[in-house]
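These are the residues of each chain, in order.
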Amino acid sequence: MDKISICFLILCMVWPVLSKTTIYDVTKYGAKGDGKTDDSQAFLRAWKAACVAETVPTILIRPKKTFLLKPLTFNGPCKTSRVYVQVLGTLVAPGSKAEWKGYPINSWITFLNVHGLHLLGRGTIDGRGSAWWPNACLDNAPPGSRCKGPTALIVRRCDGFRLQRLHHLNSGGSHMIVTASNDVRISDIRITAPGNSPNTDGIDISSCKGVQIRNSVIGTGDDCIAIGGGSTNIAITGVMCGPGHGISIGALGHGGYDIVEEVHVKNCTLKDTTNGVRLKSWQGGTGYARKISFSRIRLVAVANPIIIDQFYCPHRTDCQNSTSAVALSEISYVGIIGTSTTDDVIDLSCSQANSCKNIVLDHVYLASITRDKLASVKCFNAHGTASHVKPALNCLLK
Ligand SMILES: *[C@@H]1O[C@H](CO)[C@@H](O)[C@H](O)[C@H]1NC(C)=O
Ligand SMILES: *[C@@H]1O[C@H](CO)[C@@H](O)[C@H](O)[C@H]1NC(C)=O
């Protein structure tokens, strides 16, 4: 046989192996899926088997079943370069704080060090967070503690992470934290929690390089998407946000050095949110956020459409102005159109220490939702240029 035929023959033998995936059905590992039995150990048994498999595994979570999971971590690295988790049924968290006793309460489901993790399917991840919303502290927390309910899903150090089509519901805290992971794609997901549920961020990204979030619908009681320090090359497109606190970068510089670079938010709609697109940083930080763009953004009844706040201090105590701040530059707003429920539709409050530079606004048309009410703008130490902006923005410094 010639070389080409041999190559062809080898390819024919290898291909079925490459494309094959082995199913690990959690019910085969003892999961009941009745919504009452703790299925955590069964899931971990399925994971253990799948993670050492030589062929690409698919953990199968069947439809029309509800699996109760206690807080648990799926650890990698696994043997194969991809691991599929097909969620067709519903995963539910413990429904009362008492059931969390003895477990760490910062997170519910964690994936750690799993490269090529594909979390797919039309199923639901239900954090049953309502027990945490009125008071996120446990009984034994010291008085005055600021507590947050558990994050429903944490993905840490999972390069090549893919998340598609899932419905994330009612987390006690953030719905999802993706951190220290590169090459991440999230698409066609829904995140739903009541507008008054505290700290229920939709997606929190930090320390990630290369993240795409596309075609998703997020309505929660806090930020729809929050981009934290260490994030570069982040693209957010086709996101419907509301209710919630809008799309935020920051808060940066809390106790140190932060960098954020190349964040592009495009073709998104925000409706009934308390903020539109927001950049926030603490006084006293160092580092920078630059090359950030917001383009083709529609706003409907949004309270504070465009905000830069370099004096971020959410609890209004123990914050002092400092001689340092995270530097903000090359921030553009192009094609931002819609209505606001507050007077100041644009508020650019930049630090004296390290003012914002190269802010560009172009084709930004914002009006009050109340007919005949005039919208206004506010700037402080903000440098940049504005063209085709209504209401007129004459307060930018050169
Ligand atoms: C814009 O976003 C919407 C979803 O809000 C999506 O359906 C549409 O395809 C997007 N358009 C482009 C050009 O990306
Ligand atoms: C910090 O400076 C800003 C702008 O001058 C001012 O509005 C704010 O009150 C100051 N905050 C404190 C805590 O001094």
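Residues numbered from 1 in each chain as written. Chains lettered and ligands numbered in written order. Predicted model: local features only at pLDDT ≥ 70, side-chain atom pairs only at ≥ 80, totals over all residues. Heavy atoms only, no water.

You'll find the chain entered in an unreviewed UniProt entry as endo-polygalacturonase, with Lithospermum erythrorhizon given as the organism. Taken directly from UniProt, the Subcellular location (unreviewed entry) text for the chain runs: "Secreted, Cell wall". In its Catalytic activity (unreviewed entry) section, UniProt records this for the chain: "(1,4-alpha-D-galacturonosyl)n+m + H2O = (1,4-alpha-D-galacturonosyl)n + (1,4-alpha-D-galacturonosyl)m." (UniProt positions renumbered as here; feature names shortened; annotations may be inferred.)

(A) Local environment of the site of ligand 2. By nearness alone, every residue bordering ligand 2 is listed as Phe311, Cys319, Asn321, Gln352 and Phe380. For ligand 2, an oxygen atom lies 2.3 Å from a polar atom in the side chain of Asn321. The contact in question runs from an oxygen atom of ligand 2 to an N or O atom on the side chain of Gln352, over 3.1 Å. For ligand 2, the accessible surface in isolation is 360 Å², of which the surrounding protein chains cover 43%. Each residue belonging to the shell around ligand 2 can be placed in one class, and the counts come to three nonpolar, two polar and no charged. (Near = heavy atom within 4 Å. Polar contact = N/O pair within 3.5 Å; in protein donor to acceptor, adjacent residues only side chain to side chain. Areas by Shrake-Rupley, 256 points an atom, 1.4 Å probe, with all protein chains shown as cover. Nonpolar A, V, L, I, M, F, W, Y, C, P; charged D, E, K, R; others polar.)

(B) Highlighting the state of the cysteines. Throughout the structure, instances matching the rule amount to six disulfides. For Cys137, the disulfide goes to Cys147, at an S-S distance of 1.9 Å. Given an S-S torsion of about 90°, the disulfide between Cys137 and Cys147 has right-handed geometry. Highlighted residues: Cys137 in the loop between strand E10 (124-126) and strand E11 (151-156) and Cys147 in the loop between E10 and E11, separated in sequence by ten residues. Assessed through its relative accessible area of 11%, Cys137 is described here as buried. With a relative accessible area of 25%, Cys147 lands in the partly exposed category. In this model, Cys379 is linked to Cys395 through a disulfide, with the two sulfur atoms separated by 1.9 Å. Between Cys379 and Cys395 the sulfur-sulfur dihedral comes to about 50°; the bridge is accordingly right-handed. One end of the pair, Cys379, is in strand E29 (residues 376-380); the other, Cys395, is in the segment after strand E30 (382-390), and 16 residues separate them in sequence. On the basis of relative accessible area, Cys379 is assigned to the buried category, the value being 18%. (Disulfide = S-S within 2.5 Å. Helix = DSSP H or I, 4+ residues; strand = E, 2+ residues; numbered from the N terminus. Buried < 20%, exposed > 50% of the residue type's maximum accessible area, 1.4 Å probe, protein only.)

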